[in-house]
Amino acid sequence: MHNYSVPWKVLVAAMIAASAVVAAQQPAQQTPPPQQKPQSEIGLILTGEAGAQTRLAVPDLLSLSSDRETTEAARTISEVLWDDLNYEREFYMIPRDTYKSIPPAPTIDAVPYERWRELGADGVVIGTVQKVATGIKVELRLYNVRARQSLFGREYTGSAANPRLYAHTMSDELHESQRSLRGVARTKLTFSSDRNKEAVVGTVEKRDVKEVYVADYDGANPRRITINRSLNITPNWSPDGRSIAYTSYRTGVPDIMISNIYAGTMETPTKNAGQNWLPVFSPDGKKIAFTSNRDGNPELYVMNRDGSDVRRLTNNPEIDTSPTFSPAGTQIAFTSGRSGTPQVYVIGIDGAGLRRISQESYADRATWSPAPFNEIAFTARTGPGFDIKIQSIATGETRQITFGEGTNESPAWSPNGRHLSFMSTRAGRSQIFTVDRDGRNLRQITREGNNQTPNWSQ
Amino acid sequence: MRRDAKAVLVLVLLMTVVVAGCKKGGKPPVARPMPPPMVDPSSTTPTPPPGPPRPVSEPVIVPPMPAEDTIGSKSLDDLNRDSPLRPLFFELDSSEVSAAGQQVLQANAAVLKKYPNMQITIEGHCDERGTAEYNLALGERRALAAKNYLVSLGIGADKVKTVSYGKEFPFDAGHNDAAWANNRRAHFVITAK
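Nothing here was measured: the structure is a model prediction, and the numbers come from that model.

Draft legend 1. The arrangement of the sheet that holds strand β24 (residues 386-392) of chain A in detail. Residue and element names in this part refer to chain A. Taken together, four strands build an open sheet; the order of strands is β22-β23-β24-β25 and the sheet is antiparallel. Each edge of the open sheet is held by one strand with a lone partner, namely β22 (363-368) and β25 (398-400). Across the sheet, the axes of successive neighbouring strands diverge by a mean angle of 25°, strand direction being ignored. Alignment of β24 against β25, held across three bridges, turns out to be antiparallel. Residue pairing for β25: Lys-389 is matched across the bridge by Gln-400.

Written as C-alpha cells, this is what we have:
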C-alpha cells in the first residue's frame, strides 16, 4: 500500500531515538501515566499483521470537561490527527465513521480492546482533553490492540485557541517515534494570493493586488503577511521558518523583500541595485540566490542575506532565472533560455560545472528535493498548459506527476521530500495543491481567490 | 417702405401734439413732472425713425478642435487611458521586436520627441502559456527590447523605465489565441509630461 517501508535497522535506530526523545520530554508531564512507565515504551513499534500495512484508528478524544470549547477541541484534535497520520501514508487509517458505535473509553486506561480487534485495528490512539487554568491539557496514547499495551504517550498543555496544533504535534512525534519519519504536520505553506480583492493603486487598468500569505500545511489558519497594495509573489521560506523572502513591487519595480514574520520587521537586502526578483534562501539560510537585471539582462546572482558580497553566477545574452539550491548548498539548478527554449541547468555555487538537466520543450522553476531523494521537480510544457515532472539527478530518469488537468506550475518540495505543493487551475481558478512524489494523495489546499507560487517551510 | 412711411407719420403727429402742449398755458407748473426728453427741443428736424427691434444675441464660441497639444491639458490618468503611445506585440516565447513593432516604436518615438518632458515606463507583459517565473524575465526582456529600440531612435535612456509584470496582469482574461496575442506586449505608461 505504501512506498516507504522501513528497514529493521532504521527501526532499531528509531527505538533508540524514541527513547531519547521520551526521556527528554516525559519529565514535562504533570501526571505520568499510572500503569505504563515511560521507560517501558522503549522499542515498542506498531506493525501490521503478517507484513500488511498497519491499521490505525483515531476515535474522538474523551472530553474530561463538559464545556463546549473543550468538547469541540476533543473532536477537532481527533479529526485532525487522523488527517495528519493519513497524509504520510505510513498507516492505513480506518475511516472514522466505521467506529462511531464503539463506546469511548471511560478513562484513558480502559480501552475496549475486543471492539477494536473486531474492527481489525492494529493500533488505536486514545486521548483526553481537559480544561485547565491556562487553557487545555491534552493526553494522547497509542495502544497496540493485539498486545493490549500502550506503545507511546504524550501529554501537552497550552492555549485552547488552536486545538489543531495538538494534533499536528502528536502526529509528528508519533511518526518520529514509530517510523523514524519527519512528518510535515507542523510545517507551513506560503503563497501569493489576490483573495483580499484590493486593486493596485496608480494604474488606469484594473489590476488585483497580490499579497503573501502563510497557512498550515493543510491550508488551515491562513494569515496575510504583506500589506502594500501591489504585486507580492514568489515567497520563499528561510530554513528557520521565521522569515519569508519574496518579490515585491511596492516601489513600482520588482525587488527582494524579507519579512521576519514573528518579529514584524522587514529587510531590503539589495539596496535598490537594479531590479531583483525570485529570491531563494540557501539551505543554511546565510545566502540568497536571485535574478536581477542590474547588468542589463536577467542573470543569476548570489548574495549574503544582508545584501553583501553579491556574486554574478551567469553571463549569457539569453535569460537566466529561477534558481534553487542543492541540499548541500554547493550547486544551483536554474532555468536558462540559452539553448533557444527554457531548460533546467545545474551550476556550481562557484560558477563552475555548468550542465543541462532537462530535455523538454519548455522547463522552468526547478526545485531540488531534500535528501535522501536526489531529485529535481520542475514545470514542463506538455501541451497547451504545463505539468509537474520529477527528474532523478543520478539517473536522469523523468516521471510525470500531473497529467494535463488544467495547467500545473511552480512545484515546491515538502521538507521531508515526500510531497510537493504546486499551483493548478484544475479546479477553475489558480489554487494551491499538494501531491505525493508518486503522484498520489492530491489535495486542494486553497479555495479563496487566486493563489500561486507556493513554498513549503522547513 | 410702407411700414417706414407709417412710422414717420405717427412720429410727426406725436411731435405736433407735444409742441402744441408746450406753447399753450402761461401758468408755471408746480411740481409738474418733467416731460420725458423724447425730442431734442433745439432740433428742428425730426429724429430719424428707430429701426426694427434689435436682435439680442452674443457671439457663439466655436467649439475647440481637438488640438494637437491635448497632452498638455490632460491628467496623466486620462492620458494613459487613451494613450498617444501604442503598445507593441510579440510572438510566443519571444522578445524580438517585429517590423510592425518597429513602426509602433517609431511613432511612439515621434511623440516622445515632440514632448521632451515626457517620462515613460514600458511594462513587459506575457501570456499564460509561459510559466509565472520565466515570464518575469521574458517580460523584462520585452520591455528592454522596446526601450533599446527607442534609444536607438534618439530617445534618452533616462526618459524610459522598464518593469516586467510577467503574466500577473493580463489585459485579456481569455484563454485563446486572440487573448494570448493581446497579452504578449510592451505597454507604455506615461509617468510625467
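Let's pick the thread back up.
Draft legend 2. Broad picture of the interface of chain A and chain B. Taken together, the 27 residues of chain A in the interface contact 15 residues of chain B. When residues of the side of chain A that touches chain B are traced back to their parent elements, those giving at least two are β10 (232-237), β14 (276-281), β18 (320-325), β22, β26 (408-413) and β30 (451-456) of chain A. The residue inventory of the side of chain A that touches chain B, partitioned by class, reads ten nonpolar, eleven polar and six charged.

Draft legend 3. Seen up close, the confidence of the model for chain B. Scored by pLDDT, chain B comes out at a mean of 83, with 73% of its residues at no less than 70. Here the complex is predicted with pTM 0.82, and the ipTM for its interfaces comes to 0.87.

Draft legend 4. Summary view of the pairing of β26(A). Residues and elements named next belong to chain A. The buried fraction of β26 is high, at six of six residues. Bridge analysis of β26 against strand β27 (residues 419-424) gives four bridges, and the strand direction is antiparallel. The residue of β27 that forms the bridge with Trp-413 is Leu-420. Linking β26 back to β27 in an antiparallel pair, the connection comprises five residues, with Gly-417 at a positive phi of about 75°.

Draft legend 5. Structural detail: the sheet that holds strand β19 (residues 331-336) of chain A. With antiparallel pairing, the four strands of this open sheet are ordered in space as β18-β19-β20-β21 (chain A). Looking at the sheet topology across the chains shown, the edges are occupied by β18 and β21 (355-356) of chain A. Two elements, β18(A) and β19(A), share four bridges in a ladder whose sense is antiparallel. Looking at the pairing, A:Phe325 lines up with A:Ile332 of β19(A). The sheet strands contacting helix α5 (residues 132-152) of chain B are β18 and β19 of chain A, and the helix crosses β18(A) at an angle near 145°.

Draft legend 6. Unusual backbone geometry, seen in detail. All names here are of chain A. The omega torsion of the bond from Ala-371 to Pro-372 falls at 5°, within 30 degrees of zero and hence cis. Note on placement: Pro-372 falls in the loop between β22 and β23 (375-381). The residue Asp-309 is not glycine, and still its phi comes out positive at about 55°. Looking at the secondary structure, you find Asp-309 in the loop between β16 (299-304) and β17 (311-312). The phi dihedral of Arg-365 is positive, around 50°, even though this residue is not glycine. Its location among the elements puts Arg-365 in strand β22. Classification of Arg-365 as buried rests on a count of 32 C-beta atoms within 10 Å.

Draft legend 7. Fine view of the nonpolar core. Residue and element names in this part refer to chain A. Of all hydrophobic cores here, the largest spans 66 residues; its most connected members are Ala-289, Ala-333 and Leu-420. Not counting the four nearest positions on each side in its chain, Ala-289 is found in contact with Val-280, Leu-300, Val-302, Pro-323, Phe-325 and Ile-332. In this structure, Leu-46, Ala-57, Trp-82 and Phe-91 belong to the second largest nonpolar core, which totals 36 residues.

Draft legend 8. The domain arrangement of chain A, seen in detail. Residue and element names in this part refer to chain A. We note that the domain assignment places domain 1 (8-29 + 37-179) and domain 2 (188-456) within chain A. Each side of the interface is counted separately: domain 1 has five residues, and domain 2 has six residues. Here the side of domain 1 that touches domain 2 is built from residues that sort into no nonpolar, one polar and four charged.

Draft legend 9. Region of the structure containing helix α2 (residues 68-88) of chain A. In this model, α2(A) (21 residues) spans 31 Å end to end at C-alpha, consistent with the 30 Å of a helix rising 1.5 Å per residue. A positive backbone phi angle near 60° is found at A:Arg89, which sits one or two residues after α2(A).

Draft legend 10. Broad picture of the environment of A:Thr335. With respect to the helices, strands and loops of the structure, A:Thr335 is situated in strand β19. For A:Thr335, a count of 31 C-beta atoms within 10 Å gives the class buried. Taking C-alpha positions, A:Thr335 is 9.6 Å from A:Thr324, a pair spaced eleven residues apart along the chain. Beyond its immediate stretch of four places on either side in the chain, A:Thr335 contacts A:Thr321, A:Ser322, A:Pro342, A:Gln343, A:Val344, A:Ala363, A:Asp364, A:Ala366 and B:Tyr134.

Draft legend 11. Spotlight on the packing of α2(A) against helix α4 (residues 164-179) of chain A. Residues and elements named next belong to chain A. Put simply, α2 and α4 touch, their axes get as near as 8 Å, and they point 35° apart. Of the two possible hands of crossing, α2 and α4 adopt the one that is right-handed. Residues Thr-76, Ile-77, Val-80, Leu-81, Asp-84, Leu-85 and Glu-88 of α2 form the contact with α4, whose participating residues are Arg-164, Tyr-166, Ala-167, His-168, Met-170, Ser-171, Leu-174 and His-175. For the contact of α2 with α4, the per-class residue count stands at eight nonpolar, four polar and three charged.

Conventions and cut-offs
- Residues numbered from 1 in each chain as written.
- Chains lettered and ligands numbered in written order.
- Predicted model: local features only at pLDDT ≥ 70, side-chain atom pairs only at ≥ 80, totals over all residues.
- Pairing = 2+ DSSP bridges.
- Helix = DSSP H or I, 4+ residues; strand = E, 2+ residues; numbered from the N terminus.
- Axes fitted to C-alpha atoms, helices over the stretch in contact; angles between N-to-C directions.
- Contact = placed C-beta atoms within 7 Å.
- Nonpolar A, V, L, I, M, F, W, Y, C, P; charged D, E, K, R; others polar.
- pLDDT = per-residue confidence, 0-100.
- Buried ≥ 20, exposed ≤ 12 C-beta atoms within 10 Å, placed from the backbone.
- Core = buried A, V, L, I, M, F, W, Y, C linked by C-beta atoms within 7 Å.
- Domains from an automatic or database assignment.
- Expected span 1.5 Å × (residues − 1).
- Left-handed = near helix turned anticlockwise from the far one by under 90°.

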